[in-house]
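Examining the three-dimensional arrangement
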Amino acid sequence: MGRRERKKAATRQAIADAALHLFLERGYDEVGIREIADAADVSTTTLFKHFPVKEALVFDEDAEQETRLLAAVRERPEGQSIPTALREHALTNRLAAVHGDPRFTAFTNLVSATPALRDYAQSMWLRHTTALARAIAEESGLAADDPACTALAHFALQAPRAVYAHDNPRQAVTRAFDLLEHGWNALTQVRN
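Now for a quick tour of the structure. Counting starts from 1 at the beginning of each chain's written sequence and moves along it residue by residue. Reporting of local features is limited, given that this is a predicted model, to residues whose pLDDT is at least 70; pairs of side-chain atoms are given and counted only at 80 or more, and all residues count toward the totals for whole chains, interfaces and linings. With hydrogens and water set aside, each side-chain value is computed from the structure's full complement of heavy atoms.

Lines fitted to C-alpha atoms define the axes here, with helix axes fitted over just the stretch in contact, and angles between the N-to-C directions of these axes take values from 0 to 180 degrees. Here a helix means four or more residues in a row that DSSP labels H or I, a strand means two or more in a row labelled E, and each is numbered from the N terminus. The geometry of helix H1 (residues 3–26) relative to helix H2 (residues 33–40) is characterised by a closest axis approach of 8 Å and an angle of 125° between their N-to-C directions. In this view, H1 runs oblique relative to H2, as classed from their interaxial angle. Viewed along their axes, H1 and H2 form a crossing whose handedness is right-handed. Every residue of H2 that contacts H1 at Ala14, Ile15, Ala18, Ala19, Leu22, Phe23 and Arg26 is listed here: Glu35, Ile36, Ala39 and Ala40. Broken down by class, the residue content of the contact of H1 with H2 amounts to nine nonpolar, no polar and two charged. Put simply, angles under 35 degrees are roughly parallel, angles over 145 are roughly antiparallel, angles from 65 to 115 are roughly perpendicular, and the rest are oblique. Note: crossing handedness is left-handed where the near helix turns anticlockwise from the far helix by less than a right angle, and right-handed where it turns clockwise. By definition in these notes, contact holds between two residues if any of their heavy atoms fall within 4.5 Å. Note on residue classes: Ala, Val, Leu, Ile, Met, Phe, Trp, Tyr, Cys and Pro are nonpolar, Asp, Glu, Lys and Arg are charged, and everything else, Gly too, is polar.

Below, the structure is given as structure tokens:
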């Protein structure tokens, strides 16, 4: 990454950090765009170059999350199943902050308590589901519109979210992905 790209990334991160700090401190609806820009020491024009809508400020890692998710499927070790790759991704990337990190709790509480953020998160996960389903279809040789690919993508993305409150989220995710693994194997063995 060149100097210019590093500077853009640093500016983007400063804006996202300032926004999240203000949102957590005062509430999403109580913070204006100009306040965020001032806190990050940028103009509102610069803020909107990096974040097209206010909700995107909270989900600043959206594109990176999708990139990592698709890489988990496309760059998995030879012989590893797609559900296993998605389980490893969930355990490594999605559950890392669940227990013991008050920032994660504060973030999820902010999203849960704010209708605009809940709606944005839902549309973000739908986009990820669509992209993941396409990658699954490509990697498995199934048709792009195969409902099994969409179902696997949907359940793989939902499983970590469904177990956040579980006493042992890692065990619960592993159990959920065991179910996905068995179903996927049964489906793909019938196809072969």
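Okay, unusual backbone geometry next. Here the phi dihedral of Asp41 falls at roughly 60°; this positive angle occurs in a residue that is not glycine. Mapping Asp41 onto the fold places it in the loop between H2 and helix H3 (44–50).

With their axes 10 Å apart at the nearest point, H1 and helix H6 (residues 102–113) run at an angle of 75° to one another. One finds that H1 runs roughly perpendicular with respect to H6. Residue-level inspection shows Leu20, Phe23 and Leu24 of H1 in contact with H6, the latter providing Ala106, Phe107 and Leu110. Grouping the amino acids of the contact of H1 with H6 by side-chain chemistry returns six nonpolar, no polar and no charged.

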